[in-house]
Amino acid sequence: MKIHLIFIAVFLLSFSLKSQENISGKVVYEQVVKLEIKLEGDASQFAHMLPKERKSKKILYFSPAATLYENDKSAAQDDVSLNSGGSNVMIRMAEPENKVFTNLEDKKQVEQREFMTRTFLIDGEVKHTWKITGNQKMILDFPCQEATLEDGDKKITAWFTPAIPVSGGPESYGGLPGLILSVETGNQKQVTTAVSVEFEKVSKDLLKKPDKGKKVTREEFKQIVDEKMKEMGAEGEGGRHMMIRIQR
């Protein structure tokens, strides 16, 4: 009897490990960003008509060895046209061509960031210090657990599911015992939540490091962004480009 029990236990363990090795697919996320757009001069009359948030779609391709996070290329670009007092304001919000590749085996990352028509490549590591709170909830029928971390003055809250044993997630977040299906940053100023999960084979040609752009350190990229934003009299991380045209 004991021999049978041991055989069954070993069989179940090997089946579990084999299942984890074969897990791959893609997650589609909806990202909601709260907007704070300041207009001056003639454009100020449109301030009350501006959108309060921006929604976009992102995709995470995953396998047990690597993940790639990028824009959903099939999503349309948003243009908002406002009319008042004979003037027309066109607001164009274009998503930069950002990508994050993560090697889950050595916890190395390559991040492609676009800023002011320039493209940069940043090498990094997955080294977040998460605190698992014990709170739980369901996302897309997957049981999820809550984890938090402090990034400077920002608090990040993630919901991950051990049901998908891949240590990745949106943006550069990862390092948890399960795939991250939702991330909230900056007191919900940005919320990224999975809207679908598909298990399918992911081509190795797709899961590769981005190689477009100038190689810089994270500190160098931050300095470039800070200096440019200071020149423009603006604040922020340069994650989104926004063009405002005034036509009479």
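Thresholds, definitions, all that
- Residues numbered from 1 in each chain as written.
- Predicted model: local features only at pLDDT ≥ 70, side-chain atom pairs only at ≥ 80, totals over all residues.
- Heavy atoms only, no water.
- Helix = DSSP H or I, 4+ residues; strand = E, 2+ residues; numbered from the N terminus.
- Contact = heavy atoms within 4.5 Å.
- Areas by Shrake-Rupley, 256 points an atom, 1.4 Å probe, with all protein chains shown as cover.
- Core = buried A, V, L, I, M, F, W, Y, C linked by side-chain atoms within 4.5 Å.
- Buried < 20%, exposed > 50% of the residue type's maximum accessible area, 1.4 Å probe, protein only.
- Expected span 1.5 Å × (residues − 1).
- 1 Å grid on protein atoms, 1.4 Å probe; cavity = no way out; pocket = protein on both sides within 12 Å on 5 of 7 lines; lining within 4 Å.
- Points joined across faces, edges and corners; volume = space filled by probe spheres on them.
- Nonpolar A, V, L, I, M, F, W, Y, C, P; charged D, E, K, R; others polar.
- Phe/Tyr/Trp six-rings, centres within 6.5 Å; stacked < 30°, edge-to-face > 60°.
- Salt bridge = Lys/Arg side-chain N within 4 Å of Asp/Glu carboxyl O.
- pLDDT = per-residue confidence, 0-100.
- Pairing = 2+ DSSP bridges.
- Axes fitted to C-alpha atoms, helices over the stretch in contact; angles between N-to-C directions.

## What about the overall build of the protein?
Along the protein, the regular secondary structure elements total two helices and 15 strands. Sequence separation of 24 or more characterises 59% of the internal contacts of the protein that already satisfy a separation of 6 or more. Just so you have it, the protein exposes about 15,200 Å², and 51% of that area is on carbon and sulfur atoms.

## Describing the nonpolar core
With 18 residues, the main nonpolar core has V27, F62, I164, V166, L179 and L181 as its most contacted residues. Secondary structure elements with two or more residues in this core: strand 1 (25-34), strand 2 (53-62), strand 10 (142-151), strand 12 (179-185) and strand 13 (190-199). Residues in contact with F62, not counting those within four places in the same chain, are I23, S24, G25, K26, V27, T67, I164, V166, L179, F199, V202 and L207. Grouped together as the second largest cluster of nonpolar side chains are ten residues, A147, Y173, L176 and V183 included.

## Digging into helix 2 (residues 218-231)
Between its first and last C-alpha, helix 2 extends 20 Å over 14 residues, near the 20 Å set by a 1.5 Å rise per residue. Tucked into the core, helix 2 has its buried residues touching strand 7 (108-115), strand 8 (118-125) and strand 14 (214-216).

## Here's the deal with empty space enclosed by the protein
The final tally for this structure, using the stated rule, is two cavities of 30 Å³ or more. As for the largest cavity, its lining consists of 14 residues, and the residues nearest its centre are T67, T102, Q109, G169 and Y173. Within the lining of the largest cavity, the residues separate by chemical class into five nonpolar, eight polar and one charged.

## Observations regarding the packing of aromatic side chains
One pass over the full model with this rule turns up five aromatic pairs. Between Y29 and Y69, the ring centres sit 6.1 Å apart and the planes meet at 70 degrees, which makes this aromatic pair edge-to-face. In this pair, Y29 is assigned in strand 1 and Y69 in strand 3 (residues 66-71), connecting sequence segments 40 residues apart. On the basis of relative accessible area, Y69 is assigned to the buried category, the value being 4%. Arranged with centres 5.5 Å apart and planes meeting at 65 degrees, the rings of F120 and F221 form a pair that is edge-to-face. One end of the pair, F120, is in strand 8; the other, F221, is in helix 2, with 101 residues separating them in the sequence. The exposure class assigned to F120 is buried, which follows from its relative accessible area of 1%. An aromatic cluster is present here, built from F62, F142 and F199 joined pairwise through their rings.

## Things to note about the pattern of salt bridges
According to the stated counting rule, one finds seven salt bridges in the structure shown. Here K73 ties to E70 by a salt bridge, and the two come within 3.0 Å at their closest N and O atoms. Residue class for E70 comes out buried when judged on its relative accessible area of 7%. Note that K212 and E97 form a salt bridge whose closest N and O atoms lie 3.5 Å from each other. In this pair, K212 is assigned in the loop between strand 13 and strand 14 and E97 in the loop between strand 5 (87-94) and strand 6 (99-103), connecting sequence segments 115 residues apart. Residue class for E97 comes out partly exposed when judged on its relative accessible area of 35%. It is possible to trace a salt-bridge network through shared partners that takes in E70, K73 and K99.

## As for the environment of T67
For T67, the location among the structural elements is in strand 3. You can call T67 buried: its relative accessible area is 3%. The sequence separation of T67 and G168 amounts to 101 residues, and the corresponding C-alpha distance is 6.7 Å. Ignoring any residue separated from it by four or fewer positions in sequence, one finds T67 in contact with L60, Y61, F62, V100, F101, T102, L104, V166, G168 and L207.

## Here we look at the confidence of the model for the protein
Predicted confidence across the protein gives a mean pLDDT of 80, with 70% of residues reaching 70 or more. Within the protein, no element has a lower average pLDDT than helix 1 (residues 2-21), which sits at 41, and none a higher one than strand 9 (residues 131-139), at 97. Considering only residues more than four positions removed or in separate chains, one finds that residues 1-19, a stretch of pLDDT under 50, has zero contacts. Counting interchain partners and residues more than four positions distant, the pLDDT-below-50 stretch residues 236-248 has 51 contacts.

## With respect to the sheet that holds strand 7
The twelve strands are arranged 9-10-11-12-13-1-2-3-6-7-8-14 in an open sheet whose pairing can be described as mixed. The open sheet has two edge strands, strand 9 and strand 14, and neither has a second partner. Taken over all neighbouring pairs, the strand axes of this sheet differ in orientation by 20 degrees on average, direction set aside. When strand 3 meets strand 6, the two strands line up antiparallel, connected through five bridges. Directly across from T67, in strand 6, lies its bridge partner T102. Contacts between helix 2 and the sheet are confined to strand 7, strand 8 and strand 14, with strand 7 contributing the most and set at about 15 degrees to the helix.

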